[in-house]
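# Topology and contacts: notes
What follows is the residue order along each chain.
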Amino acid sequence: MQDLAGRVAVVTGAASGIGRALSVILAELEMKVILADVEALALEEVTQGLIEAGHTALAVPTDVASADSVAALAERTYESWGAAHVVCNNAGVFAAGLSFDAPQSDYDWCFGVNVFGILNGLRSFVPRMLASGEPGHIVNTASMAALTSVPFSAPYAMSKAAVLSLSESLYLEMQSKGAPIGVSVICPELFDTRIGWAERNRPPHLERKDGEGASIEREGTEQAIRTATGTGEAPSVLAQRIVDGIRENRLYVLAPEGDPWREACNVRLDDLRHARNPGGAVPGE
Ligand SMILES: NC(=O)c1ccc[n+]([C@@H]2O[C@H](COP(=O)([O-])OP(=O)(O)OC[C@H]3O[C@@H](n4cnc5c(N)ncnc54)[C@H](O)[C@@H]3O)[C@@H](O)[C@H]2O)c1
């Protein structure tokens, strides 16, 4: 999809990090942007900043894990601006831990937001986008963790692998229908965001009970994520890469060649090709 100006974008997880940077760049490209996030105050602040800079933006507090909430987001989008052209299913959370020991609530939370949050977005927007016949693009945020062999964060890594698979299905379905709707699955390496503090958005009914799943591996991974993302690039770099992916209709938007995460992905692909056991393919392991 080439012509973005004047068209409508929806971004979930827009109050922080990658979603925020994406909202800014899409607004600067003269798109009308609907910003959605569960953190209502931060969302309002980002949206006001865009409006004050002369852009067209609207905040819609949304919990992507709730089908009703995402359906309401779509209603509001179509009521307000009559269309959705670029839908960025970007909201995401992170939980670490040993796969066999992490509580069910870690899996329910990560899958609820990272996977079913995206599915809610697809169910609410894709049928209307198809019916409109207008060009469109779906952007789903996964992670390089979906493409590498990652220990100590199964709730997250599993959810991102599911996002990759879901996006491939959607891409092929759009192709088979001859629909003018592109799909990109974003697999970022490390960017300087608040993903290491994702617990701030964990709903009370999915809180971990005392000591549940606590391990030295979980603690170390949580600390490593905070440190590593803190040294990552600015999310605006990724936002530009995502816009390029939309314009070039690229399904796989990956860490660039030469990046350690891309190398780790290549090692993993070779492992698969040769049916070889993985051996610490994650950068820094
Ligand atoms: N930062 C990285 O290095 C990195 C790497 C790979 C993938 N990602 C992915 O990028 C996406 C954006 O994360 P980020 O790094 O900008 O983190 P972030 O924490 O800065 O932003 C995530 C946003 O999602 C929102 N959110 C969380 N739960 C939500 C819910 N239920 N409904 C609506 N919004 C919700 C948060 O409030 C927050 O504003 C995520 O999907 C994440 O997994 C990030």
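Structure report, in brief. Per chain, residues are indexed from 1 in the order of the written sequence. Reporting in this predicted model follows two pLDDT cut-offs: at least 70 for local features of residues, and 80 or more for side-chain atom pairs to be given and counted; totals over whole chains, interfaces and linings ignore these cut-offs and use all residues. The side-chain figures draw on all heavy atoms in the structure; neither hydrogens nor water molecules are used.

### Considerations on the pattern of salt bridges
Any carboxyl oxygen of Asp or Glu within 4 Å of a side-chain nitrogen of Lys or Arg constitutes a salt bridge here. In this structure the tally under the stated criterion is 13 salt bridges. For the salt bridge of E75 with R128, the shortest nitrogen-to-oxygen distance reads 2.9 Å. In this pair, E75 sits in helix α3 (residues 67-81) while R128 sits in helix α4 (residues 104-132), placing the two residues 53 residues apart along the sequence. The buried label applies to any residue whose accessible area, calculated with a 1.4 Å probe on protein chains only, is under 20% of its type's maximum; exposed applies above 50%, and partly exposed to all values in between. On the basis of relative accessible area, E75 is assigned to the partly exposed category, the value being 40%. Exposure remark for R128: the relative accessible area of 29% places this residue in the partly exposed category. Elements are defined by DSSP. Helices are runs of H or I of four residues or more, strands are runs of E of two residues or more, and each kind is numbered from the N terminus.

### Section: the nonpolar core
For the purposes of this section, nonpolar cores are sets of buried Ala, Val, Leu, Ile, Met, Phe, Trp, Tyr and Cys residues that join through side-chain atoms within 4.5 Å. Ranked by size, the top nonpolar core spans 40 residues in total, and within it F125, I138 and M144 carry the most contacts. Of all the elements in the fold, those that place two or more residues in this core are β2 (32-37), β3 (57-61), α3, α4, α5 (154-177), β6 (181-186) and α8 (260-273). Top contributing element to this core by residue count: α4, with eight residues. Beyond its immediate stretch of four places on either side in the chain, F125 contacts V10, L73, A74, T77, Y78, A84 and V87. Counting residues in each nonpolar core, the second largest holds 31 residues, with V11, A15, L22 and L238 among its members. Note on contacts: a residue pair qualifies if any of its non-hydrogen atoms lie within 4.5 Å across the two residues.

### Concerning the environment of A179
Inspection of the secondary structure assignment puts A179 in the loop between α5 and β6. For the pair A179 and A146, spaced 33 residues apart in sequence, the C-alpha separation works out to 27 Å. Apart from the residues within four sequence positions on either side, A179 is in contact with L130 and M174.

### Quick word on the packing of helix α1 (residues 17-28) against helix α7 (residues 235-247)
Helix-helix packing is described using two parameters, namely the angle between the two axes and the distance between the axes. With axes taken as lines fitted to C-alpha atoms, and helix axes fitted only over the stretch in contact, angles between N-to-C directions fall between 0 and 180 degrees. Where α1 contacts α7, the two axes come as close as 8 Å, and the packing angle between them is 55°. Relative to α7, the element α1 lies oblique. In this structure, α1 crosses over α7, and the sense of that crossing is right-handed. On the side of α1, the interface is formed by G17, I18, A21, L22, I25 and L26, while α7 contributes P235, S236, L238, A239, Q240, I242 and V243. In the contact of α1 with α7, the residues fall into 10 nonpolar, three polar and no charged. Any angle between 65 and 115 degrees counts as roughly perpendicular, while under 35 counts as roughly parallel, over 145 as roughly antiparallel, and the rest as oblique. For a crossing to be left-handed, the near helix must be turned anticlockwise from the far one by less than a right angle; the clockwise case is right-handed. Basically, the charged four are Asp, Glu, Lys and Arg, the nonpolar ten are Ala, Val, Leu, Ile, Met, Phe, Trp, Tyr, Cys and Pro, and anything else, Gly included, counts as polar.

So yeah, pure geometry; function would need other evidence.
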